[in-house]
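Chain and residue survey
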Amino acid sequence: MTISQIKYFVTVAKCLSFTKAAEQLFISQPALSRHIKNMEEELNIQLFVRTSNGIRLTPAGSSLYIRMSDLYRNYSEMITEAEKVQRGMAGSLKIGILDQTNVADFMPQIYQYFMNKYPNVDLWFQAGSFDFLVSELYAGRLDIVFTLQFEIENKESIIYQYVEHSKDYICMSKYHPLAKKEFVTLDDVKNETFVMISPEDNPESSQLIFGICKEHGFVPPVRFAKTLAEQILWVEVGIGVSILDSRTRLRQNPNVKFYEMEKSNWDPGLVAAWNQNNYNPLIEVFLRKMNEILDLNNEDIHGTNIDKK
């Protein structure tokens with residue numbers, strides 16, 4: 001028995017007229033009669049009693065009609081819901097944001113857009129570390145993440161678009177002796193303790209910083225923080241200096257000084273990244289609105305599998 005047969009049966013049972021049902025179904029009356037006859041033969045159940053005054057449901061047909069009405073209604077609702085999801089009108093979008101990253105200049109506008117335009121869409125946000133965000137992308141537990149370009153540029157199957165071409169800064173407590181200077185360079189901090197994120201969370205970050213320090217002729221003493229929140233805390237309390245991008249929330253702290261770095265050997269740009277094997281249609285809807293808000297409509301999509309084509 002097919003969904004079409006169920007639809008035909010429910011419509012005839014509701015109309016109690018093959019003529020009226022055929023009109024609603026946009027098929028001929030003889031064709032509809034054949035479908036019902038085939039259904040009765042397949043089920044070995046008489047569904048209708050045909051009289052000179054029309055048709056009526058048999059007791060078995062009435063019982064089946066009650067259940068099949070619910071079945072067909074649920075089926076129709078499921079198809080409608082699936083179509084909405086396909087068009088980006090319903091469903092959920094799980095968004096990960098790198099710990100301590102400021103997205104307050106554009107994310108609330110995207111959120112309000114979805115609440116107004118797509119009230120049946122659930123936007124779900126979670127902060128996480130470098131490693132956590134990438135792992136969750138691969139596992140499919142996050143649909144799109146906001147992280148730094150150098151962290152994901154060579155990740156297999158991960159594609160991304162720039163949100164902002166961010167800059168790197170040397171940062172320190174305003175009570176640090178060097179914070180009295182108008183300009184601070186890497187050469188000025190060569191004897192300072194560097195606060196870095198643990199290699200267990202992001203091996204690229206520390207290696208890149210060690211590399212640029214080596215180019216300037218020194219190897220800094222280091223204290224590794226387990227999380228970005230801990231790294232920022234250590235800078236705030238004056239444990240050491242750090243190199244952080246312009247999107248870090250720490251820039252909003254008036255008690256921390258930021259000095260723009262000379263050109264670095266890595267790209268600290270903030271990017272939106274997703275797994276190219278994730279076919280959630282809401283990703284496209286989200287990115288389209290983000291690009292509109294940030295005027296990024298000419299940004300390219302990057303990734304290992306795209307850039308090589």
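First, a word on scope: everything that follows refers to the structure included in this document.

1. Thoughts on the sheet that holds strand 3 (residues 91-98)
If you trace the six strands from one edge of the open sheet to the other, you get 4-3-5-12-6-13, paired in mixed fashion. Unpaired on one side and paired on the other, strand 4 (121-128) and strand 13 (302-303) mark the two borders of the sheet. Bridge count between strand 6 (residues 158-164) and strand 13: two bridges; the pairing is antiparallel. Counterpart to Y160 in the pairing with strand 13 is H302.

2. Topic: the side chain of H176
Turning to its location among the elements, H176 is positioned in the loop between strand 7 (168-173) and strand 8 (194-197). Only 2.9 Å separates the side chain of H176 from the side chain of E192, close enough to count as a polar contact. Excluding residues that lie within four positions of it along the chain, H176 makes contacts with E192 and V241.

3. Let's talk about the nonpolar core
Inside soluble globular proteins, nonpolar side chains tend to come together where they are buried. By size, the foremost hydrophobic cluster in this structure holds 35 residues, and its most contacted members are M172, L186, V189 and F194. Elements with a contribution of two residues or more to this core: helix 6 (130-139), strand 5 (144-148), helix 7 (149-152), strand 6, strand 7, strand 8, helix 8 (203-215) and strand 12 (270-275). Once you skip the residues sitting within four places of it in the chain, M172 turns out to touch L178, A179, V184, V189, V235, V241, N255, V256, K257 and Y259. In terms of nonpolar packing, the next biggest core, distinct from the first, is built from 24 residues, I95, I97, F106 and Y118 among them.

4. A few points about the packing of helix 1 (residues 3-15) against helix 3 (residues 29-43)
Where helix 1 meets helix 3, the closest approach of the two axes is 10 Å, and the angle between their N-to-C directions is 110°. Regarding the angle of helix 1 to helix 3, the classification is roughly perpendicular. Contacts between helix 1 and helix 3 involve Q5, Y8, F9 and V12 on the former and, on the latter, L32, H35, I36, N38, M39 and E42. Of the residues contributing to the contact of helix 1 with helix 3, the split by class is six nonpolar, three polar and one charged.

5. Side note on helix 2 (residues 18-25)
Of the positions making up helix 2, those classed as buried are F18, A21, A22 and L25. Buried residues of helix 2 fall within an arc of 100° about the axis and therefore sit on the same side. When the buried face of helix 2 is taken as reference, the exposed residues oriented beyond 90 degrees from it are K20, E23 and Q24. In this fold, the buried residues of helix 2 make contact with helix 1, helix 3, strand 1 (48-51) and strand 2 (54-57). Backbone nitrogen of T19 and a side-chain oxygen of the N-cap are separated by 3.4 Å at the start of helix 2; the cap is S17. Of the residues one or two after helix 2, F26 is the one with positive phi, at around 60°.

6. Comments concerning the sheet that holds strand 7
Read from one edge of the open sheet, three strands run 10-7-11, paired in antiparallel fashion. Two strands close off the open sheet at either side, each with one partner strand: strand 10 (242-245) and strand 11 (256-260). Across this sheet, the average inter-strand angle for adjacent strands is 40°, counted without regard to direction. Across five bridges, strand 7 lies against strand 11 in antiparallel orientation. By the bridge assignment, I170 is partnered in strand 11 with Y259. Packed onto the sheet, helix 9 (residues 228-236) meets strand 7, strand 10 and strand 11 and runs at close to 125° relative to strand 10.

7. Quick word on the pattern of salt bridges
All told, the structure shown has twelve salt bridges when counted by the stated rule. Residue R73 pairs with D70 through a salt bridge whose shortest N-O separation is 2.7 Å. Placement of both R73 and D70 in helix 4 (residues 59-86) is noted, with a separation of three residues, approximately one turn of the helix. If you follow the salt bridges from partner to partner, you end up with D105, E164 and R247 in one network.

8. Description of unusual backbone geometry
We note that F26 has phi near 60°; this positive angle belongs to a residue other than glycine. Looking at where F26 falls in the secondary structure, it is placed in the loop between helix 2 and helix 3. You can call F26 exposed: its relative accessible area is 75%. Phi angles above zero are rare outside glycine, and D295 is one such case at about 55°. Relative to the assigned elements, D295 resides in the loop between helix 10 (282-294) and strand 13. Exposure remark for D295: the relative accessible area of 64% places this residue in the exposed category.

The rules behind each value
- Residues numbered from 1 in each chain as written.
- Predicted model: local features only at pLDDT ≥ 70, side-chain atom pairs only at ≥ 80, totals over all residues.
- Heavy atoms only, no water.
- Pairing = 2+ DSSP bridges.
- Helix = DSSP H or I, 4+ residues; strand = E, 2+ residues; numbered from the N terminus.
- Polar contact = N/O pair within 3.5 Å; in protein donor to acceptor, adjacent residues only side chain to side chain.
- Contact = heavy atoms within 4.5 Å.
- Core = buried A, V, L, I, M, F, W, Y, C linked by side-chain atoms within 4.5 Å.
- Buried < 20%, exposed > 50% of the residue type's maximum accessible area, 1.4 Å probe, protein only.
- Axes fitted to C-alpha atoms, helices over the stretch in contact; angles between N-to-C directions.
- Parallel < 35°, antiparallel > 145°, perpendicular 65-115°, else oblique.
- Nonpolar A, V, L, I, M, F, W, Y, C, P; charged D, E, K, R; others polar.
- Arc of directions from axis to C-beta.
- Salt bridge = Lys/Arg side-chain N within 4 Å of Asp/Glu carboxyl O.

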